[in-house]
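So you can see what is in the structure, the chains are spelled out below.
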Amino acid sequence: MAMTDAETIAAPGAQGSVQGSAVARLRAKAQAWLRSEQGAAQRMAAMAFLIRVASAGVTFLSQIALARWMGGYDFGIYVSVWTWMLLAGDTVHLGIPLIAQRYIPQYTHHNQLDALRGFLIGSRWITFGLATAFALIGAGAIFALTPWLDPHTVLPFYLACVSLPFFTVSLMCDGLARSYNWIVLALGPHTLLRPVVLFALMALAYGLGFPIDATTTMIALTLAIWSTSLLQLWLVDRRLKSVVALGPRVYEVKRWFGTSLPIILVWSLYTMLCYADVLVLQQFRPPQEVGHYYAAVKTLMLVGFIHFSMSAAVAHRFTALHVAGEQAELKAFVAKSARWTFWPSLAATLMMLALGKPILWLFGPDFVAGYNFMLILSVGLLARAAVGPAERLLNMLNQQRICAAIYATAFAVNASLCVALAPSAGGTGAAFATSVAIVIESALLFVVAKRRLGLHSFFWGGTA
């Protein structure tokens, strides 16, 4: 049917009106997403992931260069010392950084500003003091054990002790910044800037003709940790002063440790679960194989970053919803966080397995032998991703004791299997032990969250 003159004249305007309304609806949806808690969590997770990916790129470049400059033996020593330092740094704070995302939302929600100010100041001094005391004890232990240690490891271990206090302070600043959604300030200095500084210092040392061995690398790492941690400490302090007014402080130290000690038990077991394979492997296999295994683990770290990024983004939100009594919203948020974790992790795993051999070759032709380790370890990483940040959920909702029991079980499985398999099967046995332990851990976390809290933390099913 032919259109009338009036319809012909009106049609362009009507079409423009329809297009305008569509644009307005899209704009409204975008603004609603930006204001929503879901949008905030997704943006935080995405930003954390991007920082981690950028960090992984810099770390890969530095590790590839170090592996080629140092050779397998010195690289293996560096990996061993660095692993021990990570284990110590993740535990000596006794869990104070881990409860920041629990207490800061609580104090803020209940307008307990005196206690909030006390936590913001006191937590940093407590972690620094604990790490300093442990570093002094560690240095004394190294001195006493020197006759039984490989001479090439003694000075690197001393340097690790020097680095430890500010390494731990950086973790505390990370926890404080995450609680205010300052994800760049939380992760940027120690996950991105630190490896950049380390790589720059090592490139300078190489250019100047210094010996590129484990000792030189640990000197550069110590300088990188101190400089980036001091910068982060200053930035966090300046930012906090802009959101929390000066005033009286209340230090609820006994209460903080009452919460943090069960959580650090969980975290310590989780940390040992992450590093047990490398630490056990180095007792039974040559440094070269430890280096190959470590390179395989680092090649897969993109998958783990997704889980880490989601945990960093949502932990304080679990607490906020629980404190506010918004059970329906919490149930939906838990289910969504599991899906946001698993599907990107699956895609990343497939990508990393497809590119695994070429990436390992960059470390050196002999490092390709670690590809089989990647295949086995990927099973465990996907199992962990399938339940999302379930460990953070349990810790934020007062289930830290049962969470500790879960990680104790997983660690016992991992350690016993590693000790049984690593001497004969080497890296393959260590990878198998780690994957089995993570599968058990993930299954138990899901069951506990379901039965104790009524929350479905598996990526499939649950509240939409």
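Residues numbered from 1 in each chain as written. Predicted model: local features only at pLDDT ≥ 70, side-chain atom pairs only at ≥ 80, totals over all residues. Heavy atoms only, no water.

So, the overall build of the protein chain
When helices and strands are counted, the protein chain shows 15 helices and 0 strands. A total of 464 residues make up the protein chain; the buried ones form 54% of that total. Of the contacts formed within the protein chain by residues at least 6 apart in sequence, a portion of 83% connects residues at least 24 apart. Taken as a whole, the protein chain presents about 19900 Å² of accessible surface, with 70% of it coming from carbon and sulfur. (Helix = DSSP H or I, 4+ residues; strand = E, 2+ residues; numbered from the N terminus. Buried < 20%, exposed > 50% of the residue type's maximum accessible area, 1.4 Å probe, protein only. Contact = heavy atoms within 4.5 Å. Areas by Shrake-Rupley, 256 points an atom, 1.4 Å probe, with all protein chains shown as cover.)

Some details on the nonpolar core
Formed by 72 residues in total, the largest nonpolar core has its most connected members in Phe-75, Tyr-78, Trp-82 and Tyr-293. Setting aside residues no more than four positions away along its own chain, Tyr-293 makes contact with Asp-277, Val-278, Leu-281, Phe-373, Leu-377, Gly-427, Ala-430, Ala-431 and Thr-434. Within the second largest apolar cluster, 64 residues are counted, among which are Tyr-107, Phe-119, Leu-176 and Val-236. (Core = buried A, V, L, I, M, F, W, Y, C linked by side-chain atoms within 4.5 Å.)

Thoughts on helix H4 (residues 113-145)
Helix length check: H4 (33 residues) gives 48 Å between terminal C-alpha atoms against 48 Å at 1.5 Å per residue, within 8%. At Gly-122, H4 is deflected by roughly 30°, the largest bend along its length. (Expected span 1.5 Å × (residues − 1). Bend = angle between axes of the 7 residues up to and from the residue.)

Things to note about the environment of Ala-390
Relative to the assigned elements, Ala-390 resides in helix H13 (residues 390-396). Here Ala-390 falls in the buried class, since its relative accessible area comes to 1%. In sequence terms Ala-390 and Ser-337 are 53 residues apart; their C-alpha atoms lie 9.2 Å from each other.

Describing the packing of aromatic side chains
With the rule as written, the count across this model stands at 18 aromatic pairs. Between Phe-342 and Trp-343 the ring centres are 5.1 Å apart and the planes differ by 75°, which places this aromatic pair in the edge-to-face class. Seen in terms of ring centroids, Phe-458 and Phe-459 are 4.7 Å apart; in terms of plane orientation they differ by 50°. Their pairing is tilted. For Phe-459, a relative accessible area of 13% puts it in the buried group. An aromatic cluster is built from Phe-342, Trp-343, Phe-446, Phe-458, Phe-459 and Trp-460, whose rings are joined through pairwise contacts. (Phe/Tyr/Trp six-rings, centres within 6.5 Å; stacked < 30°, edge-to-face > 60°.)

Side note on the packing of helix H8 (residues 253-284) against helix H14 (residues 400-425)
Remark: H8 packs on H14, axes separated minimally by 9 Å, with the N-to-C direction vectors making an angle of 10°. Comparing their axes, H14 and H8 come out roughly parallel. When grouped by side-chain class, the residues that make up the contact of H8 with H14 number 22 nonpolar, 3 polar and 2 charged. (Axes fitted to C-alpha atoms, helices over the stretch in contact; angles between N-to-C directions. Parallel < 35°, antiparallel > 145°, perpendicular 65-115°, else oblique. Nonpolar A, V, L, I, M, F, W, Y, C, P; charged D, E, K, R; others polar.)

Examining a nonpolar patch on the surface
Taken together, the side chains of Leu-193, Val-196, Leu-231 and Trp-234 present a nonpolar region at the surface, about 340 Å² in accessible area. Contributions of two or more residues to the nonpolar patch are made by helix H6 (183-207) and helix H7 (214-243). (Patch = residues over 30% accessible without salt bridge, like charges linked within 9 Å, V, L, I, M, F, W, Y side chains within 5 Å. Salt bridge = Lys/Arg side-chain N within 4 Å of Asp/Glu carboxyl O.)

Describing the side chain of Arg-194
Assignment of secondary structure puts Arg-194 in helix H6. Within the buried set, Arg-194 has no salt-bridge partner at all; the shortest N-O distance to an opposite charge, 8.4 Å, is to Asp-174. Each residue touching Arg-194, except ones within four places of it in the same chain, is listed here: Trp-82, Phe-167, Ser-170, Pro-189, Leu-221, Ala-224, Ile-225 and Thr-228. (Lys, Arg positive; Asp, Glu negative; His and termini not counted.)

Observations regarding the pattern of salt bridges
Evaluation of the coordinates by the stated rule reveals 8 salt bridges. One salt bridge in this structure joins Arg-178 and Asp-174, with 2.5 Å as the shortest N-O distance. Of this pair, Arg-178 and Asp-174 both sit in helix H5 (residues 151-179), 4 residues apart, which is roughly one turn of the helix. For the pair Arg-178 and Asp-174, a shared accessibility class is recorded, and that class is buried. Between Asp-237 and Lys-241 there is a salt bridge, and its shortest N-O distance comes to 3.3 Å. Of this pair, Asp-237 and Lys-241 are both found in helix H7, 4 residues apart, which corresponds to roughly one turn of the helix. Through salt bridges with shared partners, a single ionic network connects Arg-124, Asp-237 and Lys-241.

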